[in-house]
Amino acid sequence: MSSQMRQVMRRTALLVSGRAAWVTAHRGKIVEGDMKGASDWQTCTACKQSQRGLATGATGRAAVETNINSKMASRFGVVQQGPPIEVFALNKAFLDDTFENKVNLGVGAYRTEEGKPWVLPVVRQVERDMAANETLNHEYLPVLGLDSFSAAATKMLLGSNVAIDEGRAFGIQTLSGTGALRVGAEFLARQLGYKTFYFSQPTWENHRLLFLNAGFNDPREYRYWDQNKRGLDFDGMIADLKNAPENSVIILHACAHNPTGSDPTQEQWKEIANVMKEKKLFPFLDCAYQGFASGDLEKDAWASRFFVEQGFELFVAQSFAKNFGLYNERVGNLTVVMSSKEAIAPVKSQLTLLVRGMYSNPPNHGGRIVSTVLNDPKLFEEWKTCIKTMADRILLMRDSLRNKLLELKTPGTWDHITQQIGMFSYTGLTTKQVEHLVNVYHIYLLKSGRINMCGLTTKNVEYVAKAIHDAVTKFP
Amino acid sequence: MAAPRRVVSSGVLRTGQNVLSMAVRSSSWWSNVEMGPPDAILGVTEAYKKDTNTKKINLGVGAYRDDNGKPFVLPSVLEAEERLRQKNLDHEYAPIAGTAEFCKLSINLALGDGNEQVKNGLNATLQGISGTGSLRIGAAFLEKFFPGNKEVYLPTPSWGNHTPIFKHSGLNVKQYRYYDPKTCGFDFQGALQDIAKIPDKSIILFHACAHNPTGVDPKPEQWKEISAVVKKKNLFPFFDMAYQGFASGDVTRDAFAVREFVKDGHQIVLTQSYAKNMGLYGERAGAFTLIAGSKDEADRALSQLKILVRPMYSNPPIHGARIVTEILSDPALRQKWLKDVKLMADRIITVRSQLRENLKKEGSTRDWSHITDQIGMFCFTGMTPQQSERITKEFSVYLTKDGRISMAGVTSKNVEYLAHAIHQVTK
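Quick caveat, the model's predicted, so the values are computed rather than measured.

This part takes up the pairing of strand 11 (residues 249-253) of chain A. Residue and element names in this part refer to chain A. With five of five residues buried, strand 11 is to be regarded as a mostly interior element. Going residue by residue along strand 11, you find Val-249, Ile-251 and His-253 tucked away on one face and Ile-250 and Leu-252 tucked away on the opposite face as well. When strand 7 (residues 196-201) meets strand 11, the two strands line up parallel, connected through two bridges. Bridge pairing in strand 11 places Tyr-198 opposite Ile-250.

Size of an interface, as often reported, equals the accessible area lost when the parts are brought together. The interface of chain A with chain B comprises 88 residues on the first partner and 81 residues on the second. Summed over both partners, the interface of chain A with chain B buries about 7,200 Å², with 56% contributed by carbon and sulfur atoms. Our count for the chain A to chain B interface comes out at four salt bridges. Ionic pairing is found between B:Arg136 and A:Glu186, a salt bridge with its closest N-O pair at 3.5 Å.

Residues and elements named next belong to chain B. Across the interface, helix 4 (residues 100-111) lies against helix 11 (residues 256-263) with an axial gap of 8 Å and an inter-helix angle of 90 degrees. Relative to helix 11, the element helix 4 lies roughly perpendicular. In this structure, helix 4 uses Leu-109, Ala-110 and Leu-111 to contact helix 11, whose residues at the interface are Val-258, Arg-259 and Val-262. Residues of the contact of helix 4 with helix 11, tallied by class, amount to five nonpolar, no polar and one charged.

To continue, consider the nonpolar core. Counting residues in each nonpolar core, the largest one holds 146 residues, and the members touching the most others are A:Leu188, A:Phe211, A:Leu374, A:Trp383, A:Leu401 and B:Phe166. The residues contacting A:Leu401, other than those within four sequence positions of it, are A:Ile417, A:Ile451, A:Met453, A:Leu456, A:Val461, A:Val464, A:Ala465 and A:Ile468. In this structure, B:Ala210, B:Tyr281, B:Ile323 and B:Met383 belong to the second largest nonpolar core, which totals 61 residues.

Our next topic: the confidence of the model for chain B. Residue and element names in this part refer to chain B. The predicted model of chain B averages 92 in pLDDT, with 92% of residues at 70 or higher. Long-range and interchain partners of residues 1-26, a stretch whose pLDDT sits below 50, account for 28 contacts in this model, where long-range means more than four residues apart. Here the prediction assigns the complex a pTM of 0.87, and the interface score ipTM is 0.89.

Okay, the sheet that holds strand 3 (residues 149-156) of chain B next. All names here are of chain B. The seven strands are arranged 2-10-9-8-7-3-4 in an open sheet whose pairing can be described as mixed. Both edges of this open sheet fall to strand 2 (123-129) and strand 4 (172-177), since each of them pairs with a single strand only. Put simply, the sheet's adjacent strands are angled 25 degrees from each other on average, direction ignored. Sheet topology places strand 2 next to strand 10 (residues 285-291); seven bridges connect them, and they run antiparallel. What sits directly across from Thr-125, in strand 10, is Thr-289. Against the sheet, helix 11 makes contact with strand 7 (202-207), strand 8 (236-241) and strand 9 (269-273), and its axis sits at roughly 155 degrees relative to strand 8, the strand it touches most.

Thresholds, definitions, all that
- Residues numbered from 1 in each chain as written.
- Chains lettered and ligands numbered in written order.
- Predicted model: local features only at pLDDT ≥ 70, side-chain atom pairs only at ≥ 80, totals over all residues.
- Heavy atoms only, no water.
- Buried < 20%, exposed > 50% of the residue type's maximum accessible area, 1.4 Å probe, protein only.
- Helix = DSSP H or I, 4+ residues; strand = E, 2+ residues; numbered from the N terminus.
- Pairing = 2+ DSSP bridges.
- Contact = heavy atoms within 4.5 Å.
- Buried area = accessible area lost by both parts, 1.4 Å probe.
- Salt bridge = Lys/Arg side-chain N within 4 Å of Asp/Glu carboxyl O.
- Axes fitted to C-alpha atoms, helices over the stretch in contact; angles between N-to-C directions.
- Parallel < 35°, antiparallel > 145°, perpendicular 65-115°, else oblique.
- Nonpolar A, V, L, I, M, F, W, Y, C, P; charged D, E, K, R; others polar.
- Core = buried A, V, L, I, M, F, W, Y, C linked by side-chain atoms within 4.5 Å.
- pLDDT = per-residue confidence, 0-100.

Quick look at the structure:
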């Protein structure tokens, strides 16, 4: 509907007192309707409440009918439309777009050079073997999941670690990384009474609500991304951590920070650990990209292992969505490291109760696939090759994009694209520039300027570089 | 350490314990974590595993077993899995609410194909982590949005996990009479009386069929009366349907109560599980539905449900849901599945008869008619905690303290021994 029509409707609405009240309540928001005549509906696009009334002339006695009081009186009439979740709305917009050269740099899932999802060959093989294995069934897993899975997952993260040897580190199978974060957060809030948590500015958009829903009530940010430097605001981060009250839970990205791709150096991690030790802060590491960041499992686990070596008790939420390409099977592990093994039994029992009241036990299929691979030396090697394939392609795309931008002499610095690590890059593009990319070039990325490097291929990287060049020069 | 350990329930330590607690905490964050109570049901299986008696029987966990006491992968499920394998599907993220197809098939299974609610888009349906996860999302939604009295009334007794699920979600839990230990049957009058006393606009939970743990279901006429009282009191019905098809062998019959309430105009919420009726226990396939007053309202409710799912597990596991979709979307495969379900239900019904007959043969003079009157996987035998303990100790028959047995653990091969054991401890 044209804005002129909208203006007409708005003016008309003002003639009708009942409607006037409604318009007042929704002033400033665009009003749309389907203009079927006298009984047309209008919907406020912000809160989605609808109303309809007589079109013209009838002042004072308009019958205004809102769909809150629709004919079937419902308890849930008060429920408002929730805001769409940006990354999924973006993905939907991409899918709906018919433009031939559209590019999806939104959702964080790996894509091949052909722009297709990739089921790892080792995963396919294991699934085939599992299907042929008649001893397998669909019985319930234990509440804390497959032990063979968790032990292997924790070992993969911590390596040959004194904490494991001393029996004071364990893992529990969870619903991917999200599930590990949620179970861990619920435990910290409800069992240890922790209420304050810190997340990086910016961070994965789900962290905040996840911890709040888990029972924390004091969300705080620590500085992280420096828009001007296009890198880590280390001083800001340290300053904020130094101000954190004791027992604050600090969400740290173990590697390949999402969304910025900027990780602290080893020296910086050491300083972060020192401050956290001094201020008695609790580390909760979010490890969604082990192996995927650098291509090397050990390298990507450095920060997690360092914290354990420093004597911290901590949680690590591990996801196997990206590094195994098992996004929809929800495979995750919550690694728990404690200072002694005495409290392990009570802690496990409480985790058991938490899980039981949430989803009873984790899904079998994905956990079994990962367990099979991690526990078989040959399959494990094959898998490591797959990870390297994915990581290498990403590194290649980072190089390509940066080179193209340099060739085009695009204003600004672009070193951060190759300095950042993992799936994502915080390009530093402004909202206006992003809008330009989406609307004019059909290149889909988040408002924050985050791009998924996996969406780039040798075929589209030039197109994207040129588009960025255009956006940056048009809207400096 | 002399002082008793206490669970720290808030961030503030009680001053009296301050010094001690600080000393404790300097070594570990976890010292105040108390040992949680062992899970009653899982504890049974663990004890069973340790027992060396060759005649031992596990009647604890509610998972179906065939007549050899083995887990049963349904033939229709095997076929569905083979078909899926041929399709070489990827593992990309499912939508937050699961696939639309899975959701539609699920709610149509519950309400019947061509039902008015789905036709008019009145259902907000999402895939949940089996029954438990669907209950949790439903509970979270009600805690946040239910405009009435945020108390959930459960039948006495109910599945043990209902209470923690609702409590963890922030809802209060209360009871209404349900099981009559004198008759080992349904306390219809007691239920009606208690329901009539529930504060208006409270939430009332019903087991749609095959009540867990008692196996006692209201008769159709009784459901109708209950529906009327619920309407009069303006109570909000929450249906938990974990055994559709598994109870009587007939998916339509088992959905009677749900469909009756919907027909009567109640706006219900419903949880479904495919753990038992498709044997997909560990794959965690289930669904949650809210029936709304309009399509727009259903859309809004779904948007809010998604906002609850995302910070819990982001999106659901696909494998089990794909199997369900494969089966329900293909008429021929669906028919095979219905036969598989009937097979399971019939075996249970058969062993119920066999158990009752064998008790008679043993010379028991007690009334065991409830064994065949009750329906579904579980049977509330009427054994006291002491008798339950005895039967475990002396005969290696494993069950829960409340005298509940899982009929799925009974086979034609062990039913005589079981009858003998029951008779010995109850005569």
